[in-house]
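Each chain, written out:
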Amino acid sequence: MILITGGTGFIGSHTAVVLQQAGYDVLVIDNLHNSEREVISAIGQITGREPAFIEGDIRDVSLLAGLFKTHHIQAVMHFAGLKAVGESTQIPLTYYDNNIQGSITLLQAMRNAGVRTFVFSSSATVYGDPQRLPLTEDHPRSATNPYGYTKLVIEDILESLYRSEPGWKIARLRYFNPVGAHPSGLIGESPQGIPNNLMPFIAQVATGQRKQLNIFGNDYDTPDGTGVRDYIHVMDLAEGHKTALEYCNAQAQTLLTTNLGTGQGYSVLEMIQAYEQACGKPIAYQVAERRPGDIAACWADTTYAKQTLGWKADLGLKEMCQDGWRWASRDNTGQQKRGQDSFNTD
Ligand SMILES: NC(=O)c1ccc[n+]([C@@H]2O[C@H](COP(=O)([O-])OP(=O)(O)OC[C@H]3O[C@@H](n4cnc5c(N)ncnc54)[C@H](O)[C@@H]3O)[C@@H](O)[C@H]2O)c1
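In this report, we go over the structure that sits alongside the text. Remember, predicted model here, so these are calculated numbers, not experimental data.

## Quick word on the pairing of strand β5 (residues 117–123)
Summarising burial for β5: seven of the seven residues are buried, a large majority. Burial of the side chains of β5 extends over both faces: T117, V119, S121 and S123 are buried on one face and F118, F120 and S122 on the other. Where strand β4 (residues 75–78) and β5 come together, three bridges link them in parallel fashion. Within the sheet, the bridge partner assigned to M77 lies in β5 and is V119. Two strands pair when backbone bridges link them, and β5 and strand β6 (residues 169–175) are joined in this way by seven bridges, in the parallel orientation. Its bridge partner lying in β6, S121 is registered against L173.

## What to know about the sheet that holds strand β9 (residues 228–229)
Read across the sheet, three strands follow the order β12-β9-β14 without closing on themselves; strand pairing throughout is mixed. Two strands bound the open sheet, and with one partner strand each, they are β12 (266–267) and β14 (297–298). Relative to β12, β9 runs antiparallel, the two sharing two bridges. From the neighbouring strand, V228 faces β12, where its bridge partner is S267.

## Focus on the packing of helix α7 (residues 198–206) against helix α11 (residues 317–328)
To describe two helices that pack against each other, one gives the angle between their axes and the distance between the axes. The interhelical angle for the contact between α7 and α11, taken along N-to-C directions, is 55 degrees, at an axis separation of 10 Å. What the angle tells us is that α7 and α11 run oblique. Seen along the crossing, α7 lies across α11 with a hand that is right-handed. The residues of α11 that touch α7, namely those facing M199, A203 and A206, are M320, C321, W325 and A328. Of the residues assigned to the contact of α7 with α11, the class counts are seven nonpolar, no polar and no charged.

## Comments concerning unusual backbone geometry
Here the amide bond leading from L133 into P134 is cis, since omega sits at -5 degrees, within 30 degrees of zero. Among the structural elements, P134 can be located in the loop between β5 and α6 (146–164). Positioned with a positive phi, L32 is a non-glycine residue whose angle comes to about 60 degrees. Its location among the elements puts L32 in the loop between β2 (26–30) and α2 (38–47).

## A closer look at the nonpolar core
In this structure, I2, I4, L19 and M77 are the most contacted members of the largest nonpolar core, which totals 37 residues. Counting residues in hydrophobic clusters, the runner-up holds 25 residues, among them F68, A109, F118 and W168.

## Details of the sheet that holds strand β1 (residues 2–5)
Strand order in the open sheet formed by seven strands is β3-β2-β1-β4-β5-β6-β11, and the pairing between neighbours is parallel. Looking along the sheet, the strands with just one partner apiece sit at the ends: β3 (52–55) and β11 (254–260). Strand after strand, the sheet turns through a mean of 15 degrees between neighbouring axes, direction not considered. As defined by bridge partners, β2 adjoins β3 across four bridges and the pair is classed as parallel. Bridge assignment links D30 to a residue of β3, and that residue is E55. Strand contacts of helix α3 (residues 61–70): β1, β2, β3 and β4, with the helix running at about 175 degrees to β2, the strand carrying the most contacts.

## Considerations on the packing of helix α1 (residues 10–21) against α2
Contact geometry for α1 and α2: axes closest at 10 Å, N-to-C directions at 35 degrees. For α1 against α2, the interelement crossing comes out right-handed. Across the interface between the two elements, S13, A16, V17, Q20 and Q21 from α1 touch V39, I43, I46 and T47 from α2. Split into classes, the residues belonging to the contact of α1 with α2 amount to five nonpolar, four polar and no charged.

Definitions and limits used
- Residues numbered from 1 in each chain as written.
- Predicted model: local features only at pLDDT ≥ 70, side-chain atom pairs only at ≥ 80, totals over all residues.
- Heavy atoms only, no water.
- Buried < 20%, exposed > 50% of the residue type's maximum accessible area, 1.4 Å probe, protein only.
- Helix = DSSP H or I, 4+ residues; strand = E, 2+ residues; numbered from the N terminus.
- Pairing = 2+ DSSP bridges.
- Axes fitted to C-alpha atoms, helices over the stretch in contact; angles between N-to-C directions.
- Parallel < 35°, antiparallel > 145°, perpendicular 65-115°, else oblique.
- Left-handed = near helix turned anticlockwise from the far one by under 90°.
- Contact = heavy atoms within 4.5 Å.
- Nonpolar A, V, L, I, M, F, W, Y, C, P; charged D, E, K, R; others polar.
- Core = buried A, V, L, I, M, F, W, Y, C linked by side-chain atoms within 4.5 Å.

The following block contains the structure:
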């Protein structure tokens, strides 16, 4: 059985689908801070069986000990975490406690139970402001906000753990910009309040929830002046996790660190155009000031993931927008009741 922390969240839920469809048994733990219990039944609808679900917090030592005792867990995929960059600058202690302490508690429970296979959601944010593109895994790391710092620290903790005793099989997966949704439209991303990530914001303009999109800066040193990012379909990302798990399982021990991206950057204007085609409506936008901390462009070098995992992203911008729109345009009013604040998410 695979334990998925944060498994009712955006990326965890899609990974649960892929794992169940590949024949794995899945146990989800989530405190529902940023997701809904209904996601479990949606996963059941897609795959034909609901994963086991525990509502709980990864910082709960006795809950975790019990969980490892009562279930035959072979590996852990660790998605649970807070991810809003702006919020992390306002409540850093909460971020350090939830993300760093949460990871330590989880790893301690694994160690006590003799479970040593761990797949971690890291982020391209660990590269800071890119010194060169595309980003290779050996690019220097840095953090400009507490959220990013939690990823750096957890990556380092995993390295220390790997070096401290034999047998750990650890994958540190650095995601670029996950977008889209499961093609069924039954699960997807449910941003809190005003989304500052591009795709959910475009979606809310398309559904009429927001009047227009702000493009933060059109004078960057990019082909059309707007920011360029490496968007990756969440289903490709989920497949990447399955491949990373299988890679770990095949090793006696490993510390794998790899990008998961497409290697292709798209500008904000290109994203808007592709989304307009998917939803069949114009997306109103205005150009606003650059946001502090935003970088001009960022995309992955995907060579290492191809070499080690034999994995590459297959889905393009069209699928990202079509699947994202199918999810966004369904009646998901229940998804919008959470959260009031507007924060930059990773
Ligand atoms: N979405 C992105 O753009 C992106 C990019 C890079 C990395 N990541 C990382 O990937 C992971 C998953 O991201 P996501 O987009 O699916 O986020 P998400 O918020 O949709 O999912 C995270 C889930 O973890 C749960 N959670 C948070 N703290 C918890 C705790 N202490 N105990 C139990 N459950 C807890 C939340 O309720 C939520 O369901 C995060 O670690 C995030 O930092 C995300």
